[in-house]
Every structure is written in structure tokens, then in C-alpha cells.
Protein chains: 2
Amino acid sequence: MNLEEGKKQFVQAWGAIGTQWGINKTMAQIHALMMVSTQELSTEDIMEELSISRGNANMNLRDLIDWGLVQKVFKHGERRDYFQGEKDVWKIAKQVAKIRKTRELDPVLKVLEELKKVEPNSKSEEVKHFHKLVNDVYKLANNVDRLIEGVFKAEESWFWDKILKIFTK
Amino acid sequence: MNLEEGKKQFVQAWGAIGTQWGINKTMAQIHALMMVSTQELSTEDIMEELSISRGNANMNLRDLIDWGLVQKVFKHGERRDYFQGEKDVWKIAKQVAKIRKTRELDPVLKVLEELKKVEPNSKSEEVKHFHKLVNDVYKLANNVDRLIEGVFKAEESWFWDKILKIFTK
DNA sequence: ATTTTCTTTCAATATTTATTGAAAGTTTAA
DNA sequence: TTAAACTTTCAATAAATATTGAAAGAAAAT
């Protein structure tokens, strides 16, 4: 396989994965494109490579910047904006984990905390069952939350070394 | 807050989370409903509770059964099917992780393995950069894969105890 | 064997989500 | 200050995804 073909497949695969995880295809593909590119890309470059409209390119670039995965780069003597993607895969993973934790996990933890207050003194089996469920989900979510916090501070090789050793000992 | 209200919020929250993670809302809500229910539910019960059609209820129940999160229950002397959801939150988490690993992570690993074969002897910087990227992503995905494998075999409290200790030591 | 009760399927439809493209906005250069 | 080069916005449109409901299929009861 040659490089061009390889890049295409990489971009495709990343787009498909994104879709399955609630991230829009174009956003994932732009991100993939920036990962495989050694050089900064302009909006035009992206539009052409992915055959998408200016508006689409612009909006998804903005989202990627919001996610902290892409930066604007100012090129000396050039008027148009260029964009550069974060290339460090571990940083990318941590960043995504952090954003999703904040946007999705933390709000759920809040809801669960509220649900702990449902009929706290009831002796009904139905209510007890509900409390056990809420508590179990809360504990799990909380542990995941703490895991992500840990990941966020960790250096990659150290982290995987420690994690995977747990299972072999 | 009373139990009814609490259940509703739980079902809502679960549906919202599902949506964000590429799982359809109804599937997530049916699953939530079965978690909060102490009793088995019929298709009718589900249709009524969530105000959805028979076809919708049936299809999503089938999906949930495919995912291994719901079981059919035959009630003595009753003709209609009843359904029971897995209540153990840790089992649910493991099951979801296992299914998604197989369906989504493993195919990506395969693609990445293919991409390792791109122009293997080239000395171009462009190609070298591509190989580094593919390798980095592969390593990460592979480590996640092994982590999930480990989780799958682990007992909950043991697992979290080990994991969270990593970060405090 | 026929009817009743319940389940499954799937084409039609509705809803949600993503994309376009042209107009408005902004910045730099002439 | 005007024009040119570029970016952003957003209503209209397209595409993807989920849902309905009625018809066909199965299984049990009469």
C-alpha cells in the first residue's frame, strides 16, 4: 500500500470510529487528516481533501479548537489561517477523556446525587432497590471519574506499565 | 423527590447518556427501565411506560438481548413474553465493554496492522511520520484492549482497589 | 381446523443531525 | 476609503437514524 492510500484509510477509519462514539464524522476526519499531515493545513486544503464545504470545514475546525485538539497557526507573510493538529496520541486521548468527563460524566454524577435523596426513609423494597441501583451506578461512575483524573496526570508508559501489571501479578 | 419521579429521571438520564455514546435513546431507556424495575416487564408495560410503539419496543428489546443485557422470562401460565434486565452494574459495564471492544476496537486494530505495511522501506519523512502515528495509535489501542480484557476477568472491588492505589502510591 | 393472542418484520414516515452555500462580517492591503 | 482576501454565520436542504403501525407470522387455546 502506498502512503496516499494509507492516509485515506486512516482518515476513513477515524471517521467511522468517531461516528460510533457520538462524534461527527467530519470532525473526526479533519482531525485524522491533521494527524497524518506533517504540515499545517488551510481551510481550502481540508475542503479539497475531504470534499466538504467551507461552512462545514469552518464549523468543525472551530469544534476541534474548542476540544483543544487543533490550533490556529499564523504563517509569516500569509493572510489565511492555517491549522495544526496535536500529534501526540497520548495527549489527544487524555484531552478527549477530560472533555467528555466534564461534559458527560460529571453531569450524570450530579443527577445521581439528586436521586440519592429519593424517599430516603422509606422501607419499601421498591425504594431500597432503587437506592441500591443508584448507589452502585454512582460508585462505578465515581471510580471511572477518579481513573480519568489519574490518567490525566499520568505519563503514558508509566501508566500502562502499572495498569497492565495489575493483571499479571 | 418521590420514587416515580426518581425513576423517570433515571430513565431520562440514561437515555441522554446513551445518545452521546452512539446508543439509541430508546434502547438505553428500556434498559434503564428494566434496571429500576424489580419485576419483569412485558412489551406492553414498556410501550406504555415510554410511550413508544410495539415495533420500536420489540426491536430494541431484541438488541438488548443481543447485547446480553436483557433476558426473556417465561412466566408460568402466562402466554406473553416477559423481560428481565441484568441488575448488576459491574456486569453491565463489563458486558458493554466486551461488546464494544469486539465490534469497534478489534476492527480498528486490524486496519492499523494493515497500515503498518505502508511503504515499509521508504526513507521519506512523510512516511516515517505516518508510521510513527500508526504505531502510537496501535500501541494505545492495544493497551486499551488489554485493559478491557483484564477488566472482564476482574472482580469489581479488587479492580478498583488496585487501579486507584496506582495513583496514590 | 379455526380463532385468538401475542410477536416479528419492514416499508413508510418522522425526527434528528450534518452539510451546504451564499450573504454578512472582518481584516489587511492598495 | 475602497477593494480584495479571507472567515464566519445560519437558514435551507440533504442525509442518516429512529419510529410507527399495519400486515404477516407463530404459538396456544377452543
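Since we're looking at a predicted model, the values are computed, not measured.

Student: I'd like a description of the overall build of chain A, backed by residues and values.
Tutor: When its secondary structure is counted, chain A shows seven helices and three strands. Traced from its N-terminal end to its C-terminal end, chain A shows the element sequence α-α-β-α-α-β-β-α-α-α. Taken along its principal axes, the extent of the C-alpha atoms in chain A is 70 × 45 × 30 Å. Within chain A, the proportion of its 169 residues that are buried is 24%.

Student: With reference to specific residues and values, describe the protein's contact with DNA strand C.
Tutor: For DNA strand C, the set of nearby residues contains 18 residues, the closest of which are Ser53, Gly55 and Asn56 of chain A together with Gly55 and Asp81 of chain B. For the surface near DNA strand C, the elements supplying multiple residues, two or more each, are helix 2 (25-36) and helix 4 (54-66) of chain A together with helix 4 (54-66) of chain B. A total of four residues in the surface near DNA strand C trace back to one element, the largest contributor, which is helix 4 of chain B. For the surface near DNA strand C, the per-class residue count stands at two nonpolar, nine polar and seven charged.

Student: Could you give an account of the interface of chain B and chain A, naming the residues involved and the relevant values?
Tutor: Each partner contributes residues to the interface: chain B has 44 residues there, and chain A has 44 residues. Put simply, the parts of the chain that give the side of chain B that touches chain A at least two residues each are helix 1 (3-20), helix 2 (25-36), helix 5 (89-115), helix 6 (125-153) and helix 7 (156-168) of chain B. Considering each element in turn, the side of chain B that touches chain A owes the most residues, 13 residues, to helix 6 of chain B. Tallied by class, residues from the side of chain B that touches chain A come to 26 nonpolar, nine polar and nine charged.

Student: Just give me the short version of the relation of the copies chain B and chain A, but keep the residues and values in it.
Tutor: To go from the first copy of the chain to the second, apply a rotation about an axis and then a shift along the same axis. Overlay of chain B on chain A (RMSD 0.0 Å): rotation 180 degrees, translation along the axis 0.0 Å. Put plainly, the chains are arranged around a two-fold axis. With an isologous cut-off of 70% or more, the 100% of interface residues of chain B that recur at the interface of chain A puts this contact in the isologous class.

Student: If you had to explain the protein's contact with DNA strand D to someone new, which residues and values would you point to?
Tutor: Contacts to DNA strand D come from 18 residues, most closely from Gly55 and Asp81 of chain A together with Asn24, Gly55 and Asn56 of chain B. Residue assignment for the surface near DNA strand D shows that the elements contributing at least two residues are helix 4 of chain A together with helix 2 and helix 4 of chain B. A per-element tally of the surface near DNA strand D places helix 4 of chain A first, with four residues. In terms of residue class, the surface near DNA strand D is built from two nonpolar, nine polar and seven charged.

Student: Which residues make up the sheet that holds strand 2 (residues 70-73) of chain A, and what values go with them?
Tutor: Residue and element names in this part refer to chain A. Reading across the sheet, the three strands line up as 1-3-2 and stay open at both edges, with antiparallel pairing between neighbours. Of all the strands in the sheet, the pair left with one neighbour each is strand 1 (41-42) and strand 2. Contacts between helix 2 and the sheet are confined to strand 1, strand 2 and strand 3 (82-85), with strand 3 contributing the most and set at about 85 degrees to the helix.

Student: An account of the environment of Lys75 of chain B is requested, with residue identities and associated values reported.
Tutor: Residues and elements named next belong to chain B. Looking at where Lys75 falls in the secondary structure, it is placed in the loop between strand 2 (70-73) and strand 3 (82-85). Its 11 C-beta neighbours within 10 Å are what place Lys75 among the exposed residues. Spatially, the C-alpha atom of Lys75 lies 32 Å from that of Ala16, the residues being 59 residues apart in sequence.

Student: How would you explain the sheet that holds strand 1 (residues 41-42) of chain B if you had to name every residue and give the values?
Tutor: Residues and elements named next belong to chain B. In space, the three strands of this open sheet follow the order 1-3-2, with antiparallel pairing throughout. Bordering the open sheet on either side are strand 1 and strand 2, each of which pairs with just one other strand. In this structure, strand 1 lies alongside strand 3, joined through two bridges in antiparallel fashion. The partner of Leu41 across the bridge, within strand 3, is Phe83. Across the face of the sheet, helix 2 comes into contact with strand 1, strand 2 and strand 3 while running at roughly 85 degrees to strand 3.

Student: Before we move on, could you go through the domain arrangement of chain A and cite the residues and values that matter?
Tutor: The accessible area lost on association of the parts is a frequent measure of interface size. For chain A, the assigned domains read domain 1 (3-85) and domain 2 (89-168). Of note, the centres of domain 1 of chain A and domain 2 of chain A, computed from C-alpha atoms alone, are 31 Å apart.

Student: I'd like a description of the packing of helix 2 of chain A against helix 3 (residues 43-50) of chain A, backed by residues and values.
Tutor: Residue and element names in this part refer to chain A. Where helix 2 meets helix 3, the closest approach of the two axes is 11 Å, and the angle between their N-to-C directions is 110 degrees. Looking at the two axes, helix 2 sits roughly perpendicular to helix 3. The element helix 2 and its partner helix 3 pack so that their crossing is right-handed. Every residue of helix 3 that contacts helix 2 at Thr26, Gln29, Ile30 and Leu33 is listed here: Ile46, Glu49 and Leu50.

Student: Could you give an account of helix 4 of chain A, naming the residues involved and the relevant values?
Tutor: All names here are of chain A. Here helix 4 is 13 residues long and its end C-alpha atoms lie 18 Å apart, about the 18 Å a rise of 1.5 Å per residue gives. Considered for burial, the residues of helix 4 that qualify are Ala57, Asn60, Leu61 and Leu64. Across the axial projection of helix 4, the buried residues extend over an arc of 110 degrees, all falling on one side. Opposite the buried face of helix 4, at more than 90 degrees from it, the exposed residues are Gly55, Arg62 and Asp66.

Student: Describe the nonpolar core, with residues and values.
Tutor: Counting residues in each nonpolar core, the largest one holds 31 residues, and the members touching the most others are Phe10, Trp14, Ile30, Ala32, Leu33, Met34 and Val36 of chain B. Those elements that place two or more of their residues in this core are helix 5 (89-115) and helix 6 (125-153) of chain A together with helix 1, helix 2, helix 4 and helix 5 of chain B. Among the elements that take part in this core, helix 2 of chain B stands out by supplying eight residues, more than any other. In this structure Ala32 of chain B touches Phe10, Val11, Trp14 and Gly15 of chain B, once residues within four positions along its chain are discounted. Membership of the second largest hydrophobic core comes to 30 residues, among which are Ala13, Trp14 and Val36 of chain A together with Val134 of chain B.

Thresholds, definitions, all that
Residues numbered from 1 in each chain as written. Chains lettered and ligands numbered in written order. Predicted model: local features only at pLDDT ≥ 70, side-chain atom pairs only at ≥ 80, totals over all residues. Helix = DSSP H or I, 4+ residues; strand = E, 2+ residues; numbered from the N terminus. Buried ≥ 20, exposed ≤ 12 C-beta atoms within 10 Å, placed from the backbone. Near = placed C-beta within 6 Å. Nonpolar A, V, L, I, M, F, W, Y, C, P; charged D, E, K, R; others polar. Contact = placed C-beta atoms within 7 Å. Least-squares fit on C-alpha atoms with pLDDT ≥ 70 in both. Pairing = 2+ DSSP bridges. Axes fitted to C-alpha atoms, helices over the stretch in contact; angles between N-to-C directions. Domains from an automatic or database assignment. Parallel < 35°, antiparallel > 145°, perpendicular 65-115°, else oblique. Left-handed = near helix turned anticlockwise from the far one by under 90°. Expected span 1.5 Å × (residues − 1). Arc of directions from axis to C-beta. Core = buried A, V, L, I, M, F, W, Y, C linked by C-beta atoms within 7 Å.

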